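# A look at the structure
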Amino acid sequence: MLVEFSVGNFWSFKEIQTLQMQAAKIKSKFPKVDKENVFMVNDKLSLLKSKAIFGANASGKSNLVRAFSAMRSIVKDNIANERILENAIIPFKFSEANIGQPSFFQMIFIVEGVQYRYGFEATKKEITAEWLFGKPMKEAGVRERYYFLREGNEVDVNEEWFKEGANFIKSGGTNTPYFRKNSLFLTVVAAFNVALASPIVRAIVNKLSIVTGMDD
């Protein structure tokens, strides 16, 4: 279940912009809308099943779809396709401050009762940062905790909450040919069937998809 998607320095998005799927705490004057398009995750969170994006021509609607598709494609294909970043990353070009800066992608989503926040920053040549946070939905008052944080090719894994990931690093996993400056740590550990990482990658690749008529 998608909660939020954020993107920055990509196509027409200079600053970070966020698409939110949380339902507002209001009631529609048409009860059928709330009944058919809103579902409760718990007593504090309700999500929309669908959301319409509208605006003038060249206002960024298509680029939001491109951003979502780019993040999903990078997660899916970064190991097999060493040119995926070169092809997928299109940074904002109309500001000198953005030239050479990485593009930003982040998703907040729910998998198996845990709300995860996963994202990365990337240029056409490398992943410059990557992170994974999460918190159980059923445990009230629990703060978001980190599973791993990456800067360049250095990865800091939280051994308490992501022991399998820590063991992967200790066993030399980041020295394999699959972990490169242009590949994602999350996808690499998922490829080795590391617990926690695999269902997250499957959720992003198989469950968070877009149906669009942009190319029709």
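In this text, all values refer to a predicted model and were calculated from it rather than measured experimentally.

Scoring rules and cut-offs
Residues numbered from 1 in each chain as written. Predicted model: local features only at pLDDT ≥ 70, side-chain atom pairs only at ≥ 80, totals over all residues. Heavy atoms only, no water. Pairing = 2+ DSSP bridges. Helix = DSSP H or I, 4+ residues; strand = E, 2+ residues; numbered from the N terminus. Buried < 20%, exposed > 50% of the residue type's maximum accessible area, 1.4 Å probe, protein only. Contact = heavy atoms within 4.5 Å.

Across six bridges, strand S7 (residues 127-136) lies against strand S8 (residues 145-151) in antiparallel orientation. The residue of S8 that forms the bridge with Leu 132 is Phe 148. By the bridge criterion, four bridges tie S8 to strand S9 (residues 154-157) in an arrangement that is antiparallel. Paired with Arg 150 across the strands is Val 155, a residue of S9.

What follows deals with the pairing of strand S3 (residues 38-42). Consecutive residues of a regular strand have side chains that alternate between opposite faces of the sheet. With four bridges joining them, S3 and strand S4 (residues 45-48) adopt antiparallel strand pairing. Bridging from a neighbouring strand, Val 38 pairs with Leu 48 of S4. Hairpin connection of S3 to S4: two residues between the antiparallel strands.

Next up on the list: the environment of Ile 210. Here Ile 210 lies in the segment after helix H6 (197-207). On the basis of relative accessible area, Ile 210 is assigned to the partly exposed category, the value being 33%. Separated by 78 residues in the primary sequence, Ile 210 and Leu 132 have C-alpha atoms spaced 23 Å apart. Excluding residues that lie within four positions of it along the chain, Ile 210 makes contacts with Val 65, Phe 68 and Ser 69.

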